[in-house]
Amino acid sequence: MSIYIAFISLAISLASIVIVIILYRDIYQAVNNLIDELGIALIARKKYRRIKRYILAKVVCKDDVDIRKLSEDVERNVNSLLGRILKMNCSLTIISFRPDLNRAIFRVVGDGMCSKYCLLALSLQHFISESCIIIPLKTSGLLSRLRRFTGYRK
Amino acid sequence: MYLAINRCNDIAFYITAIDSDVHILGLDSDVIVECFANNAHKLNRDMLFIPRKIVTVDEKRLEKCFEFDKSILMGCIPMNISVARRLAKIQRLSTIIITPNSLKFVDENQVNFMYQSSNRNKYIEVHLQPFLKMFLISSSIHSIEKSFYLLGNIVERALKLDVGIIMSTASDNDKKLCSLTHVDIILFYLGFSKRERRLITEVYPIELLITWLNYK
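Quick caveat: nothing in here was measured; it's all calculated off a predicted structure.

> Sorry if this is basic, but what is going on with the side chain of Thr99(B) here?
Residue and element names in this part refer to chain B. Among the structural elements, Thr99 can be located in the loop between strand S3 (94-98) and helix H4 (108-116). Since its relative accessible area comes to 9%, Thr99 is described here as buried. For Thr99, the contacting residues outside a window of four places in its chain are Ile77, His127 and Phe131.

So this is what it looks like as structure tokens:
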């Protein structure tokens, strides 16, 4: 008798799992709609995830260059490559430059795809105005990890 | 990495400044004579010179691709589908070059055709610079999105069928150079995994080099 009860309970639990899998998307949508209707969307979930990434890059310049000029050049070229609409969700700034090592660290802030776009834009930026060539070496979410890489820190 | 540099000082600068391991430089024959004939030891590196010739071929001028000495590693840009198919069949070692202009002739079917042909002496060579120039010059003839989509499909197909494919960044301007890391990032952007990128940037070029060294 007990074995029948065990089989029935197993069948019921399997059926409930299948129903949840089938209706998962509908339930998710219904919960989201409920959150929207109750007006707590801003608290419950964000519009997009704002991710911060750091890029360590090698900077190859034929002439001496200071951080201000490099920053202006790179920002102008990257803006031109990414376009204004993409720049709404994606920002790139140079935060550190070591001319003796030819290394620079860039900060990328934006959604998940932003770092991918910025890596490509940094790689192609010298095509726009023939400025310094920037070769991205390493990407990380932690600034301290990048500073340790290849003896960036003094 | 193929670079078009025409001054000896620039060669030394880019070899030491851009990458640190292996370099493949595309140089004019005049530059080689000028820089390496007498003072090859100046750079203190082991060097191997591969003579190359790149020609555009159509049906009337197909012989142009094979009239030079066998030691020259030929690169042929087909301007016709039938020429592209014939190039895949010919036994001689050469590369079939993809540029935005030859993209519609060297497509996924061409990769299938190369896979079916018996000889392994044919490689696909992608010239990246004309593709990258499309970012700067908005051309109505070629759509950037479509070109990169087709290029990605061809590379994917070639990798799937194990047809040799290499990337070349030969440039006519020494300020607009692409290093190996840049190529890697472009491939990453096109959606290729680390293993696939290694195949394109390291394994197939070495395989082509070994094939060329053993080729007589």
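On we go.
> How should the sheet that holds strand S1 (residues 51-60) of chain A be read in this particular structure?
Either a parallel or an antiparallel arrangement is found when strands of a sheet pair, and the pairing is made through backbone hydrogen bonds. Residue and element names in this part refer to chain A. As summarised here, the arrangement of the 4 strands in space is S2-S3-S1-S4, forming an open sheet in which the pairing is antiparallel. Every other strand in the sheet has two partners, leaving strand S2 (90-98) and strand S4 (133-140) as the edge strands with one partner each. Adjacent strand axes in the sheet meet at a mean angle of 30 degrees when their direction is disregarded. Relative to strand S3 (residues 103-110), S2 is paired through 8 bridges, and the arrangement is antiparallel. Directly across from Ser91, in S3, lies its bridge partner Val109. Packed on one face of the sheet, helix H5 (residues 114-124) meets S1, S2, S3 and S4 and runs near 140 degrees to S3.

> Whenever I open this one, the interface of chain A and chain B confuses me. Can you help?
Interfaces are often sized by the accessible area lost when the parts come together. Taken together, the contact between chain A and chain B spans 18 residues of the former and 23 residues of the latter. Summed over both partners, the interface of chain A with chain B comes to about 2,000 Å²; 73% of that surface belongs to carbon and sulfur atoms. Together, Lys62(A), Leu120(A) and Phe127(A) form the three largest contributors to the area buried by chain A at its contact with chain B, with a combined 33%. Viewed at the interface, chain B and chain A are joined by 0 salt bridges. Across the contact surface, chain A and chain B share 1 residue pair in polar contact (both at pLDDT 80 or more). Taken together, the elements giving at least two residues each to the side of chain A that touches chain B come down to S1, H5, helix H6 (126-129) and S4 of chain A. Of the residues forming the side of chain A that touches chain B, the biggest block, 6 residues, is contributed by H5(A). Within the side of chain A that touches chain B, the residues separate by chemical class into 12 nonpolar, 2 polar and 4 charged.

> Explain unusual backbone geometry here, please?
Of note, the phi angle at Asn102(A) is positive, near 60 degrees, even though the residue is not glycine. Position of Asn102(A) among the secondary structure elements: in the loop between S2 and S3. The exposure class assigned to Asn102(A) is partly exposed, which follows from its relative accessible area of 38%. Look at Asp162(B): it is not a glycine, yet its phi comes out positive at around 60 degrees. Within the fold, Asp162(B) resides in the loop between helix H6 (144-161) and strand S5 (165-168). Judged by its relative accessible area of 40%, Asp162(B) falls in the partly exposed class.

> Would you explain the state of the cysteines in this entry?
Joining two cysteines, a disulfide is a covalent bond between their sulfur atoms. Applying the stated criterion across every chain, the model contains 3 disulfides over all chains. Between Cys90(A) and Cys114(A) runs a disulfide, and the two sulfur atoms are separated by 2.0 Å. Looking down the S-S bond of the Cys90(A) and Cys114(A) bridge, the torsion is 85 degrees, so its handedness is right-handed. On the criterion of sequence distance, the pair formed by Cys90(A) in strand S2 and Cys114(A) in helix H5 is long-range, its members being 24 residues apart. Pair check on accessibility: Cys90(A) and Cys114(A) agree, each one buried. Taken in N- to C-terminal order, the disulfide-linked cysteines of chain A are connected 1-4, 2-3. Free cysteine: Cys118(A), not disulfide-bonded; nearest cysteine sulfur from Cys90(A) at 3.6 Å. Owing to a relative accessible area of 0%, Cys118(A) belongs among the buried residues under this scheme. Cysteine Cys178(B) shares no disulfide, and the gap to the nearest cysteine sulfur, in Cys132(A), comes to 16 Å. Of the residues examined, Cys178(B) reaches a relative accessible area of 1% and is grouped as buried.

Thresholds, definitions, all that
- Residues numbered from 1 in each chain as written.
- Chains lettered and ligands numbered in written order.
- Predicted model: local features only at pLDDT ≥ 70, side-chain atom pairs only at ≥ 80, totals over all residues.
- Heavy atoms only, no water.
- Helix = DSSP H or I, 4+ residues; strand = E, 2+ residues; numbered from the N terminus.
- Buried < 20%, exposed > 50% of the residue type's maximum accessible area, 1.4 Å probe, protein only.
- Contact = heavy atoms within 4.5 Å.
- Pairing = 2+ DSSP bridges.
- Axes fitted to C-alpha atoms, helices over the stretch in contact; angles between N-to-C directions.
- Buried area = accessible area lost by both parts, 1.4 Å probe.
- Salt bridge = Lys/Arg side-chain N within 4 Å of Asp/Glu carboxyl O.
- Polar contact = N/O pair within 3.5 Å; in protein donor to acceptor, adjacent residues only side chain to side chain.
- Nonpolar A, V, L, I, M, F, W, Y, C, P; charged D, E, K, R; others polar.
- Disulfide = S-S within 2.5 Å.

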